[in-house]
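# Structure at a glance
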Amino acid sequence: MSELIRVSLSIESPLLKKMEELATQKGYENRSEFIRDLIREQLTAREWESGAEVIGTITMVYNHHQRGISEKLTQLQHDCTEHILAATHVHLSHHICAEMIMIKGSGKAIEKFSNALRKLKGVLHVGFSASSTGEKLS
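An account of the accompanying structure is given in this report.

### Overview of the overall build of the chain
Per the secondary structure count, the chain includes 4 helices and 4 strands. N-terminal to C-terminal, the α/β element order of the chain is α-α-β-α-β-β-α-β. A compact globule built from 138 residues should have a C-alpha radius of gyration of about 14 Å, whereas the chain, at 20 Å, is more than 25% larger. The dimensions of the chain, computed from C-alpha atoms along their principal axes, are 60 × 30 × 25 Å. A buried classification covers 26% of the 138 residues belonging to the chain. Here the contacts in the chain between residues at least 6 apart in sequence split such that 67% fall between residues at least 24 apart.

The following block contains the structure:
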């Protein structure tokens, strides 16, 4: 673990109150951990913007009765095997399926893959959760 350094900052009272309310709502035990997570969030966003190697999860909901959708989804994933780490398929109803795809690569490559999924007829929703590989967060 790295050495802890105590810092101080100036902040308006109403903003401090809002920060403390947020930290409490999120279950943080103290301000320091809340601030550290805010900084890590910004560092992760910078990694995505810079094209560094990052990790994310794509959640997709689609109608599997749409003609050709299964083959198109499989083809897209096969075209992206260097980035896909894992995929899980779930049946939500007789017509609707969900897939969760864990993916690693440059932010641009992941965004391109995610957008290709969105464009397919029969895909109802694509959600994306971005994270960091953690290499630059400590």
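Let us keep going from here.
### Overview of the pattern of salt bridges
Here the structure, examined in full by the defined rule, presents 5 salt bridges. The partner of E33 in a salt bridge is R36, with the nearest N and O atoms 2.8 Å apart. Taken together, the residues span about one helical turn, with E33 and R36 both in helix α2 (residues 31-50) at a distance of 3 residues. Residue classification places E33 among the partly exposed residues on the basis of a relative accessible area of 27%. Judged by its relative accessible area of 32%, R36 falls in the partly exposed class. Residues R40 and E33 are paired through a salt bridge, measuring 3.3 Å at the closest nitrogen-oxygen approach. Linked by salt bridges that have partners in common, E33, R36, D37 and R40 make up one network.

### Thoughts on the packing of helix α3 (residues 69-78) against helix α4 (residues 107-118)
Two numbers describe how α3 lies on α4: the axes approach to 11 Å, and their chain directions differ by 170 degrees. As judged from the angle between their axes, α3 and α4 are roughly antiparallel. Of the residues in α4, those in contact with L73, L76 and Q77 of α3 are F113, A116 and L117. In terms of residue class, the contact of α3 with α4 is built from 5 nonpolar, 1 polar and no charged.

### Let's talk about the nonpolar core
Counting 19 residues, the largest nonpolar core has M60, L73, F113, L117 and V123 as its most contacted members. Among the secondary structure elements, those contributing two or more residues to this core are β1 (53-63), α3, β3 (96-106), α4 and β4 (123-132). With 4 residues, β1 is the single largest residue contributor to this core. In contact with M60, other than residues within four places in its own chain, are L73, C97, A98, E99, I101, L117, V123, H125 and V126.

Basis of the calculations
- Along each chain, residue indices are assigned from 1 in the same order as the chain's sequence is written.
- With pLDDT at 70 or above as the cut-off, local features in this predicted model cover only qualifying residues; side-chain atom pairs require 80 or more to be listed or tallied, and sums for whole chains, interfaces and linings still use all residues.
- Based on all heavy atoms of the structure, the side-chain values leave hydrogens and waters out of the count.
- Secondary structure follows DSSP: runs of H or I at least 4 residues long count as helices, runs of E at least 2 residues long count as strands, and numbering of each begins at the N terminus.
- In this setup the radius of gyration rests on C-alpha atoms only. A globule is expected at 2.2 Å times the number of residues raised to 0.38.
- Partly exposed residues are those whose accessible area sits between 20% and 50% of the maximum for their type, while under 20% is buried and over 50% is exposed, using a 1.4 Å probe and protein chains only.
- Working rule for contacts: check all heavy atoms of both residues, and any pair within 4.5 Å makes them a contact.
- Basic side-chain nitrogens of Lys or Arg form a salt bridge, by our definition, when they fall within 4 Å of a carboxyl oxygen of Asp or Glu.
- To obtain each axis, a line is fitted to C-alpha atoms, and for helices this fit is confined to the stretch in contact; angles are then taken between N-to-C directions over 0 to 180 degrees.
- Geometric relationships in this document are graded by angle, where less than 35 degrees denotes roughly parallel, more than 145 denotes roughly antiparallel, 65 to 115 denotes roughly perpendicular, and other angles denote oblique.
- Note on residue classes: Ala, Val, Leu, Ile, Met, Phe, Trp, Tyr, Cys and Pro are nonpolar, Asp, Glu, Lys and Arg are charged, and everything else, Gly too, is polar.
- The term nonpolar core refers to a set of buried residues drawn from Ala, Val, Leu, Ile, Met, Phe, Trp, Tyr and Cys, joined through side-chain atoms within 4.5 Å.

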